[in-house]
Amino acid sequence: MPLIEGEMRAATGARFAILASRWNPRITDALVDGARQAMQDQGVVESDIDLVRVPGAWELPVAAAALAATGGYVALVALGCVVRGETRHYEHVADECAKGLMRVAIDYRLPVANGVLAVEDHAHAQSRAGGAHGNKGEEAALAALEMSRLLHKISESNP
């Protein structure tokens, strides 16, 4: 039985985009740093990584769709932080952002890693942006990298 799986190595010249919300900048900047470093540690050169800033997590899916439509990227990494508040706004933003990012991934057959934190409070966010729970930006970048190679292998295998 043949096994097809991704690798933690980007194809030469493969382009990636990191999309990041400007909302909760202390958290999102740490996520971006983690994602960028993870990609560079796996051999992606800095000039092959574009950073796209959007106002908040709500805007990530439309920016992801615009980037996917260019056909210039092998994967996208979406980063943001939505903190629960006193209203249902949290659920709307976090849930619809996730649905929108998945829709872009499926519609364009492009890995779109969801590194948008949906947390109860800022302490939870900090622990996931380089704290006790690691850096979810790094994890999202590695998932995007692996999935980009997997989809490439699937398209080449053409069984």
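So, here is what we can say about the structure in this document. Remember, it's a predicted structure, so these values are computed and weren't measured experimentally.

Criteria and thresholds
- Residue indices begin from 1 for each chain and proceed along its sequence in written order.
- Two thresholds apply to this predicted model, a pLDDT of at least 70 for residue-level local features and 80 or more for giving and counting side-chain atom pairs, whereas whole-chain, interface and lining totals are computed over all residues.
- With hydrogens and water stripped out, all remaining heavy atoms of the structure feed into the side-chain values.
- Helix numbering and strand numbering both begin at the N terminus, where a helix is a DSSP run of H or I of at least 4 residues and a strand a DSSP run of E of at least 2.
- A radius of gyration in this sense is built from C-alpha atoms; the matching globule rule multiplies 2.2 Å by the number of residues raised to 0.38.
- Three labels apply to residues, based on accessible area from a 1.4 Å probe with only protein chains included: buried if under 20% of the type maximum, exposed if over 50%, partly exposed otherwise in between.
- By the convention used here, residues are in contact when the closest approach between their heavy atoms is within 4.5 Å.
- Here, Shrake-Rupley sampling with a 1.4 Å probe gives the accessible areas, and only protein chains in the shown set may cover a residue.
- Charge assignment in this entry is limited to Lys and Arg as positive and Asp and Glu as negative, and neither His nor the chain termini are counted.
- To locate a charge, take NZ of a lysine, CZ of an arginine, CG of an aspartate or CD of a glutamate.
- Strands are treated as partners if at least two bridges between them are detected by DSSP.
- For a crossover, the right-handed case is the one in which the path from the first strand over the helix to the second runs clockwise, viewed with the strands pointing away from the viewer.
- Any carboxyl oxygen of Asp or Glu that lies within 4 Å of a side-chain nitrogen of Lys or Arg is treated as forming a salt bridge with it.

**Observations concerning the overall build of the protein**
Check the secondary structure of the protein and you find five helices and six strands. Shown N-terminal to C-terminal, the secondary structure of the protein runs as helices and strands in the order β-α-β-α-β-α-β-α-β-β-α. Taken over the C-alpha trace, the protein has a radius of gyration of 15 Å; the compact-globule value for 159 residues is 15 Å, and the two agree within 12%. Oriented by its inertia axes, the alpha-carbon framework of the protein measures out at about 50 × 35 × 30 Å. In the protein, which comprises 159 residues, the proportion classed as buried is 42%. By sequence separation, contacts in the protein at least 24 residues apart represent 80% of the contacts at least 6 residues apart. A total accessible area of about 8700 Å² is found for the protein, and carbon and sulfur atoms account for 53% of it. Put simply, the protein has 15 plus and 20 minus side-chain charges, and the middle of one group is 3 Å from the middle of the other.

**Comments concerning the pairing of strand 2 (residues 49-54)**
In terms of strand pairing, strand 1 (residues 16-21) meets strand 2 through six bridges, oriented parallel. Counterpart to A20 in the pairing with strand 2 is R53. You can see the chain leave strand 1, run along helix 1 (residues 25-41) and come back into strand 2, and the turn it takes is right-handed.

**Points about the pattern of salt bridges**
A complete count under the given rule lists 11 salt bridges for this structure. The residue D48 makes a salt bridge to R15 at a minimum N-O spacing of 3.4 Å. Of the two residues, D48 sits in the loop between helix 1 and strand 2 while R15 sits in the segment before strand 1, which places them 33 residues apart along the sequence. D48 gets classed as buried once you look at its relative accessible area, which sits at 14%. Here E96 makes a salt bridge to K99, at a shortest N to O gap of 3.4 Å. A residue pair is termed a helical-turn pair when its members lie 3 or 4 positions apart in one helix, as E96 and K99 do in helix 3 (residues 89-108) at three residues. Where salt bridges share partners, they join E7, R9, R149 and K153 into one cluster.

No statement about biological role is implied by the geometric values presented.
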